Structures are given as structure tokens and as C-alpha cells.
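If you want the building blocks of each chain, they are given just below.
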Amino acid sequence: MKISQYLIALSFALGCLTSVKATTLDTTFRADGNPIIRHKYTADPAAMVYKDKVYLYTGHDEAAPGHNGYTMHDWTCFTSTDMVNWTEHPSPLNVKEFKWAKADAWASQVIERNGKFYWYVAVEHGTIPGKAIGVAVSDSPLGPFKDARGSALVTNDMTKAVKHSWDDIDPTVIIDKDGQAYLFWGNGICYYAKLKSNMTELDGEIKTVTLPHYTEAPWVHYRNGWYYLSYAYEFPEKIAYAMSKSINGPWEYKGIINELAGNSNTNHQAIIEFKGQWYFIYHNGALVPDAGSFHRSVCIDYLYYNKDGSIKRVIMTSEGVKPAK
Ligand code: FUB
């Protein structure tokens, strides 16, 4: 059996082992391995480290059992000081906050700038056919978050590189060392653009990055002189990545970092460093009774680098990670 087949089989095995457990809001719980959240279905993780705490924001899968599609109305927020003991906070953002949108609280990311927190989201636009990207802002990472513009930041009529209407999804934002912020996003093609320092307007043209078998879910991070652009590869999705010395490229494709995550067609990663350790945060379809592509669950495993800066393949585990010191 090849290593990739073994990992897929392992992932499916994990998917059969974990069942939903009840908890209440504002309670602290200890993650009992992967998936880390077992009282609801969570997807599309994005994580931010702020003042020695990890803020984990996720989508929320609420499809009726057997429904073959996404039902997603709001986003969730969990915090931790050690990656194992978590506190769930009341949902800080619902798609209803964006009056111009009509549905679909899809993938998102929160980033801090000058003491304000900006939450970039993908939603379905109410009047311009297709998906769109919005941005909400708050003085606290726990919210409440308010629509920062009263209109979409990116709409389907602004992007022409692919023909389908859901190419404007999965926003991720990075602020470069010189203070310039960049927004990356896209399904079927990876778009990127500069953001103005107010974080709520694009600054200049929308460009594209060519990446092999790019599907969606870009995430950009920086380490030791390298920029890393990870993304969902093929469909069903693995996670692959490219590296560059500049955020404007050229990007060199480096390979797969995570195999199919088990019982879910999609995968969606966040990569963070916390207390000297790197983490790979993703989702799978491992949580019964409704486990699957529309009932996903967030997991965390370690991420390691080689000496040349390339990333080692992630080993998905049922045990998850140990408390960070
Ligand atoms: O959760 C809805 C969509 O599925 C996300 O936007 C994609 O990244 C995929 O995970």
C-alpha cells in the first residue's frame, strides 16, 4: 500500500470513530484529539494569534441530515492559550450582517491592524449574481463585527479569469513587512490584489497566480524569508503549496502537504505559529452521526519544515496536538 493510500484509509478510519457531544456556549472544553470540536459541525478554519492567544474562526455546517449541499449561516469563534483547552464564544458574525448578501457564510479570515480586527468573508451576493467577498470590522477579536463597507469588496463582475459564478470565495489576507496588505482569494483561479491601509478597499488591479491543480482555499504565511501559498489541490481536495521570496511571486510549486482529509470532498487549511510551534489546522468529515462533505469538523496537527524551508507532509492524527507550553 502506498503511503498516500495508507493516509486516506487512516482518515476514513478516523471518520468512523468520533461522535457529537453536547456543550454550551462560553464554556471551556478540552479537545479530546481530532476533531477538536465535537458539539457542532465546523469547517474552513482560519486562525489568528493575538496577545498570546489563538483565535480560531470557523464556518458552521448546519445542513439537515442527508441534505446534499452547504447550509451555512454564521461563523464561530473559539480561543485557546494552549491549542488543547478551548473556550467557545457567542457567534460574532452572521451573514445577515451584510445587508447586500443573501446567504452562505463560507470561508473567511480575521486579521488585526492597528488595534482593529478585519473579518473577510465569502457570501452569496443578493443582487449581483455569484459569490462575493465582504469585510466586517470590530474593536475586539470577539466582536461584535459590523459590515465595514455596506457593500461587497469583490463581486463576480469584477473578476473574469474564469467563467463560473463562485470564483470569488475563500479570502485570505496577509500584511507584508512593509505594511502593505494583500488579499488572495478564488475558486478555479487564485486572484490577489493589494488592499489600501484602511483594509476595506482594493488598491490597484486584480492579478492572478498560476498554480498547478489549484481549486480554492488559499492561505499565505511567512517564515524565515519565505512566503508560502498553500491551497486546495484537485477535487476531492488535497492541500498543496508554493514558495516565493516575494509576495508578488514568482511562486515555485513545491508539492502536497496534506492528503485527502477523510470523508470530505473539501479541505481548507490555516497555518500558524504559536509559542514556537507550527500548526496545520484543517477540516475533515470525521464526526458522526452526520459526518461528510456537508458536515465537516476542524482538526489540528503539527506542521514541520525541512532545513531548506520546504514543508514536510502533515501527518493527520486522531490524537491531535499536546498542550503548548
Ligand atoms: O465551506 C464552503 C466552501 O467549501 C469553502 O468556501 C471552500 O473552501 C470549501 O471548504
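Look above for the structure.
Figured I'd write up the structure that's included with this text. (Residues numbered from 1 in each chain as written. Predicted model: local features only at pLDDT ≥ 70, side-chain atom pairs only at ≥ 80, totals over all residues. Heavy atoms only, no water.)

### Points about the side chain of S310
Link 1 in the chain: Mapped onto the fold, S310 is located in the segment after β23 (297–302).
Link 2 in the chain: Here the side chain of S310 touches D308 through a polar contact of 2.5 Å, side chain to side chain.
Link 3 in the chain: Sequence-distant contacts of S310, that is, excluding residues within four places in its chain, are made with Y241, M243, K254, Y304 and Y305. (Helix = DSSP H or I, 4+ residues; strand = E, 2+ residues; numbered from the N terminus. Polar contact = N/O pair within 3.5 Å; in protein donor to acceptor, adjacent residues only side chain to side chain. Contact = heavy atoms within 4.5 Å.)

### Some points on the packing of aromatic side chains
Link 1 in the chain: Taken as a whole, this structure holds 20 aromatic pairs when the rule is applied.
Link 2 in the chain: For the ring pair Y214 and Y231, a centre distance of 5.4 Å and an interplane angle of 35 degrees mean the geometry is tilted. Residue Y214 is located in strand β16 (residues 214–223), and its partner Y231 is located in strand β17 (residues 226–233); the two are separated by 17 residues in the primary sequence. As far as burial versus exposure is concerned, Y214 and Y231 are alike and both buried.
Link 3 in the chain: Ring centres of W278 and Y305 lie 5.3 Å apart, and the angle between their planes is 80 degrees; on these two criteria the pair is classed as edge-to-face. Here W278, found in strand β21 (residues 277–284), pairs with Y305, found in the segment after β23; they are 27 residues apart in sequence, far enough to count as distant. Here W278 matches Y305 in class, with each residue buried.
Link 4 in the chain: Here the aromatic cluster, defined as three or more aromatic residues joined through ring pairs, consists of Y57, W75, W119 and F145.
Link 5 in the chain: The cationic tip of K131 hangs over the ring face of W106; the distance from NZ or CZ to the ring centre is 4.2 Å. (Phe/Tyr/Trp six-rings, centres within 6.5 Å; stacked < 30°, edge-to-face > 60°. Buried < 20%, exposed > 50% of the residue type's maximum accessible area, 1.4 Å probe, protein only. Lys NZ or Arg CZ within 6 Å of the ring centre and 35° of its normal.)

### Things to note about the nonpolar core
Link 1 in the chain: L56, M83, W86, Y279 and I281 are the most contacted members of the largest nonpolar core, which has 40 residues in total.
Link 2 in the chain: When contributions to this core are tallied by element, the ones reaching two or more residues are β3 (41–50), β4 (53–61), β16, β17, β18 (238–244), β20 (270–274), β21 and β23.
Link 3 in the chain: Those residues in contact with W86 that lie beyond four places of it in its chain are T27, T28, F29, A31, I36, V54, L56, F78, T79, S80 and I300.
Link 4 in the chain: In terms of nonpolar packing, the next biggest core, distinct from the first, is built from 26 residues, Y50, W75, A101 and W106 among them. (Core = buried A, V, L, I, M, F, W, Y, C linked by side-chain atoms within 4.5 Å.)

### Section: the environment of K53
Link 1 in the chain: With respect to the helices and strands, K53 occurs in strand β4.
Link 2 in the chain: Between the C-alpha atom of K53 and that of T79, which follows or precedes it by 26 residues, the distance is 6.7 Å.

### Structural notes on the sheet that holds strand β2 (residues 28–30)
Link 1 in the chain: Strands sit in the order β2-β6-β5-β4-β3 across an open sheet of five strands; the sheet is antiparallel. On the outer flanks of this sheet lie β2 and β3, each paired with one strand and no other. Strand-to-strand twist of the sheet, defined as the mean angle between neighbouring strand axes without regard to direction, takes the value 30 degrees.
Link 2 in the chain: Relative to strand β6 (residues 85–94), β2 runs antiparallel, the two sharing three bridges. Across the sheet, T28 pairs through a bridge with T87, a residue of β6. (Pairing = 2+ DSSP bridges. Axes fitted to C-alpha atoms, helices over the stretch in contact; angles between N-to-C directions.)

### Thoughts on the site of the ligand
Link 1 in the chain: Within the structure, the ligand sits among D44, Y70, M72, W106, A107, I169, D170, E216, T266, H268, H283 and R296.
Link 2 in the chain: Between the ligand and D44, the relevant distance is 2.5 Å, taken from an oxygen atom to a side-chain nitrogen or oxygen of the residue.
Link 3 in the chain: Taking D170, its side chain carries an N or O atom lying 2.5 Å from an oxygen atom of the ligand.
Link 4 in the chain: Protein chains bury 99% of the 280 Å² of accessible surface belonging to the ligand in isolation.
Link 5 in the chain: For the shell around the ligand, a count of residues per class yields five nonpolar, three polar and four charged. (Near = heavy atom within 4 Å. Areas by Shrake-Rupley, 256 points an atom, 1.4 Å probe, with all protein chains shown as cover. Nonpolar A, V, L, I, M, F, W, Y, C, P; charged D, E, K, R; others polar.)

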